[in-house]
Amino acid sequence: MQSIRVEHISKRFGDTQAVKDISFEVVPGEIFGLLGPNGSGKTTSIRVILDIYQPDSGTVSILGGPMSEAKKNQIGYLPEERGLYQDILLEKCLVYLATLKGMSAQQIRQKLPVYLEEFDLSAHKKKKVKELSKGMQQKAQLIATLIHDPQVIIIDEPFSALDEPTRFGMQDLIVDLWSQIQATIVLISHSVAEAVYLGDRVWLMSGVPGTIVAEYVDIPLPDPEVPALVAQSGPRFSECVAYVSDAFRKVLATPREALQPVHADGTGKALCSEGES
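This section reports on the structure supplied with the text.

About the thresholds
Residues numbered from 1 in each chain as written. Predicted model: local features only at pLDDT ≥ 70, side-chain atom pairs only at ≥ 80, totals over all residues. Heavy atoms only, no water. Phe/Tyr/Trp six-rings, centres within 6.5 Å; stacked < 30°, edge-to-face > 60°. Helix = DSSP H or I, 4+ residues; strand = E, 2+ residues; numbered from the N terminus. Buried < 20%, exposed > 50% of the residue type's maximum accessible area, 1.4 Å probe, protein only. 1 Å grid on protein atoms, 1.4 Å probe; cavity = no way out; pocket = protein on both sides within 12 Å on 5 of 7 lines; lining within 4 Å. Points joined across faces, edges and corners; volume = space filled by probe spheres on them. Nonpolar A, V, L, I, M, F, W, Y, C, P; charged D, E, K, R; others polar. Contact = heavy atoms within 4.5 Å. Axes fitted to C-alpha atoms, helices over the stretch in contact; angles between N-to-C directions. Parallel < 35°, antiparallel > 145°, perpendicular 65-115°, else oblique. Left-handed = near helix turned anticlockwise from the far one by under 90°. Core = buried A, V, L, I, M, F, W, Y, C linked by side-chain atoms within 4.5 Å. Polar contact = N/O pair within 3.5 Å; in protein donor to acceptor, adjacent residues only side chain to side chain.

### Topic: the packing of aromatic side chains
Tallied over the full model, the rule gives seven aromatic pairs. Summarising the aromatic geometry, the rings of phenylalanine 32 and tryptophan 203 are spaced 4.5 Å apart at their centres and angled 35 degrees between planes, so their arrangement reads as tilted. Of this pair, phenylalanine 32 sits in strand β3 (residues 31–35) while tryptophan 203 sits in strand β8 (residues 201–205); the two residues are 171 residues apart in sequence, bridging distant segments of the chain. You can call tryptophan 203 buried: its relative accessible area is 0%.

What follows is the structure, given as structure tokens:
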């Protein structure tokens, strides 16, 4: 059973065709990156999957069928627009967000202290959210996304506002968590390096109307024992990023009507695998 299956979805807002004829499927346990320029319909596509928007055409299956209220509690979504309440204490904020995902008070008491300790936030739990740094708030948002043990985790432009050291640290945290829970992770990004580093598949989207125009597969998953900064300093990684960056530039330079949609089903071009030239 695929975690997500999308078939030929399109979505229009007034006179603007945001996405057109997008198809892909995702199996459990993958990390994959949805890469595209700003305004390419990445977030719109995800909101259709999450049943926030209804598609004008096409179908979506998640965890084996249509979206339901019960399935929403099996999904962790970290949107580009952050959802923390700034004027309340961090601990109180996270408790409230966990209850929205159906967790009982006992479950929260058992799990929240563990997450706060692992994310180095225990000493800050009695501070108001607005008193925390951007990096700390991002960690807190990630706790809210993960605490209910979701089967599918969707992360939209998670590190774009962070400085480079904090961004590398957050990437390390994502890799470490994935190695423990083996959930399906969807990463939406306009950063080629981030998508190639974290994803074992990367889909490249065109500009508006957005559609998938290339798929890269068999990308080695990051080693939790190797820091992101070190892993992304190697020549092989740089070659892979350069290859995808070049494809990205070509897509941006090509008239939209000349681009053909790709059904991203795992049969795309192998990238960065051993022996790949």
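On we go from here.
### A look at the layout of surface pockets
Estimates place the volume of the second largest pocket at around 270 Å³. Among the secondary structure elements, those contributing two or more residues to the lining of the second largest pocket are β5 (75–78), α3 (90–100) and α5 (134–146). In terms of residues, the lining of the second largest pocket owes the most to one element, α5, which gives three residues. When its residues are assigned to classes, the lining of the second largest pocket shows six nonpolar, five polar and one charged.

### What about the environment of phenylalanine 168?
Relative to the assigned elements, phenylalanine 168 resides in helix α6 (residues 164–181). When near neighbours in sequence (up to four residues on either side) are disregarded, phenylalanine 168 contacts Ala228, Leu229 and Gln232.

### Section: the packing of α3 against helix α4 (residues 105–118)
In contact at an axis separation of 11 Å, α3 and α4 are set at 130 degrees when each is read in the N-to-C sense. When the interaxial angle is binned, α3 and α4 end up oblique. Considering the relative orientation of α3 and α4, their crossing is right-handed. Contacts between α3 and α4 involve Leu90, Glu91, Leu94, Val95, Ala98 and Thr99 from the former and Ile108, Leu112 and Leu116 from the latter. Looking at the contact of α3 with α4, its residues break down into seven nonpolar, one polar and one charged.

### What to know about the environment of lysine 42
Along the polypeptide, lysine 42 turns up in helix α1 (residues 42–49). You can call lysine 42 buried: its relative accessible area is 6%. Distance from lysine 42 to aspartate 87, taken between C-alpha atoms, is 31 Å for residues 45 residues apart in sequence. Setting aside chain neighbours within four positions, we find lysine 42 in contact with Leu34, Leu35, Gly36, Pro37, Glu157, Ile188, Ser189, His190 and Met205.

### Quick word on the nonpolar core
Ranked by internal contacts, the top residues of the largest apolar core, which has 58 residues, are Phe119, Leu142, Ile143 and Leu204. Leaving out residues up to four positions away in the same chain, isoleucine 143 has contacts with Leu94, Leu112, Tyr115, Leu116, Phe119 and Leu121. Ile4, Val19, Leu34 and Val186 belong to the second-largest nonpolar core, a separate cluster that totals 24 residues.

### Structural notes on the side chain of threonine 184
By the element assignment, threonine 184 lies in strand β7 (residues 184–189). For threonine 184, the side chain forms a polar contact with the side chain of serine 3, separated by 3.0 Å. Among the polar contacts listed, one links the side chain of threonine 184 to the backbone nitrogen of glycine 29, at a separation of 3.0 Å. Those residues in contact with threonine 184, other than ones at most four positions away along the chain, are Ser3, Val26, Val27, Pro28, Gly29, Glu30, Phe32, Gln151, Val152 and Ile153.

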